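For reference, the chains in residue letters:
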Amino acid sequence: SSTRITSEFEVHVGSVPFLSDFTPLKYSGGLPFTITGAIVSSADITPVNDGSAWEIFMDTVEIKGSNIPLLRRVLDDGLKLSSRELGSFLEENVEQYSNPKPVFETTYLDDMLRISRDQDGKVFVYGKMSDG
């Protein structure tokens, strides 16, 4: 749809926080294996700045295709973080919190590549992997 966006990217993670920060254990290394998966996020988008930028209002975040068997089953069965609902709850209960709605300006676009910049000037490069 022209008012909704889905973003998916692959991740590979091989470290965990230092256990000594959370437990009496002194081990402080990473995991002996890599956790992989895809982060899939969805959001509503609204054109701003005469259509040259988009305001993004996050809705859900999922992790798909984890290489950890039991975790993969739970995550692939539809477990989602409803970030918008969480943000609304925080807005109602934490005075200084407001649900973020970052603005992304597209600086380059063709059939396979999009380059965008957020309101802080950070550059994001997106490549199209499929039509689906």
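Residues numbered from 1 in each chain as written. Predicted model: local features only at pLDDT ≥ 70, side-chain atom pairs only at ≥ 80, totals over all residues. Heavy atoms only, no water.

**Some points on the overall build of the protein**
Under the convention used in this document: For helices the rule is a DSSP run of H or I covering at least 4 residues; for strands it is a run of E covering at least 2, with both sets numbered from the N terminus onward. Partly exposed residues are those whose accessible area sits between 20% and 50% of the maximum for their type, while under 20% is buried and over 50% is exposed, using a 1.4 Å probe and protein chains only. In what follows, a contact means two residues having at least one pair of non-hydrogen atoms within 4.5 Å. Using a 1.4 Å probe, the Shrake-Rupley method yields the accessible areas, and only the shown protein chains count as cover for residues.
Across its full length, the protein holds 2 helices and 6 strands. Along the protein, helices (α) and strands (β) appear in the sequence β-β-β-α-α-β-β-β when read from the amino end. Across the 132 residues of the protein, 15% fall into the buried class. For the protein, contacts bridging at least 24 residues in sequence account for 41% of all contacts bridging at least 6. Entry remark: accessible area of the protein is about 9,800 Å², with carbon and sulfur atoms responsible for 58%.

**Thoughts on the pairing of strand β6 (residues 123–127)**
We count it as follows: Strands are treated as partners if at least two bridges between them are detected by DSSP.
Bridge count between strand β5 (residues 113–118) and β6: 5 bridges; the pairing is antiparallel. Within the sheet, the bridge partner assigned to I115 lies in β6 and is V125. Between the antiparallel neighbours β5 and β6 lie 4 residues, among them G121 with a positive phi of about 90°.

**Let's talk about the packing of aromatic side chains**
Defined as follows: Two rings from Phe, Tyr or Trp (for Trp, the six-membered ring) form a pair when their centres are within 6.5 Å of each other. A pair whose planes differ by under 30 degrees is stacked, one over 60 is edge-to-face, and the rest are tilted. Comment: the charge-over-ring label is applied if NZ (Lys) or CZ (Arg) is within 6 Å of the ring centre and within 35 degrees of the ring normal.
Taken as a whole, this structure holds 2 aromatic pairs when the rule is applied. Centre to centre, the rings of F104 and F124 are 5.0 Å apart; their planes meet at 50°, and the pair counts as tilted. Here the residue F104 occupies a position in strand β4 (residues 103–109), and F124 occupies one in strand β6, the gap between them amounting to 20 residues. Ring centres of F124 and Y126 lie 6.5 Å apart, and the angle between their planes is 15°; on these two criteria the pair is classed as stacked. Taken together, the ring pairs in this structure connect F104, F124 and Y126 into an aromatic cluster. The ring of F57 has R84 sitting right over it, with the charged end atom 4.1 Å from the ring centre. Over the ring of F57 we find K101, and its NZ or CZ is 4.4 Å from the ring centre.

**Thoughts on unusual backbone geometry**
Although it is not a glycine, N49 sits at a positive phi angle of roughly 55°. Structurally, N49 is set in the loop between β2 (35–48) and β3 (53–64). The class of N49 is exposed, set by a relative accessible area of 52%. Despite not being glycine, D50 has its phi angle at roughly 60°, a positive value. Tracing the sequence through the fold places D50 in the loop between β2 and β3. Residue classification places D50 among the exposed residues on the basis of a relative accessible area of 86%.

Scope: geometric values only; no functional claims are made or implied.
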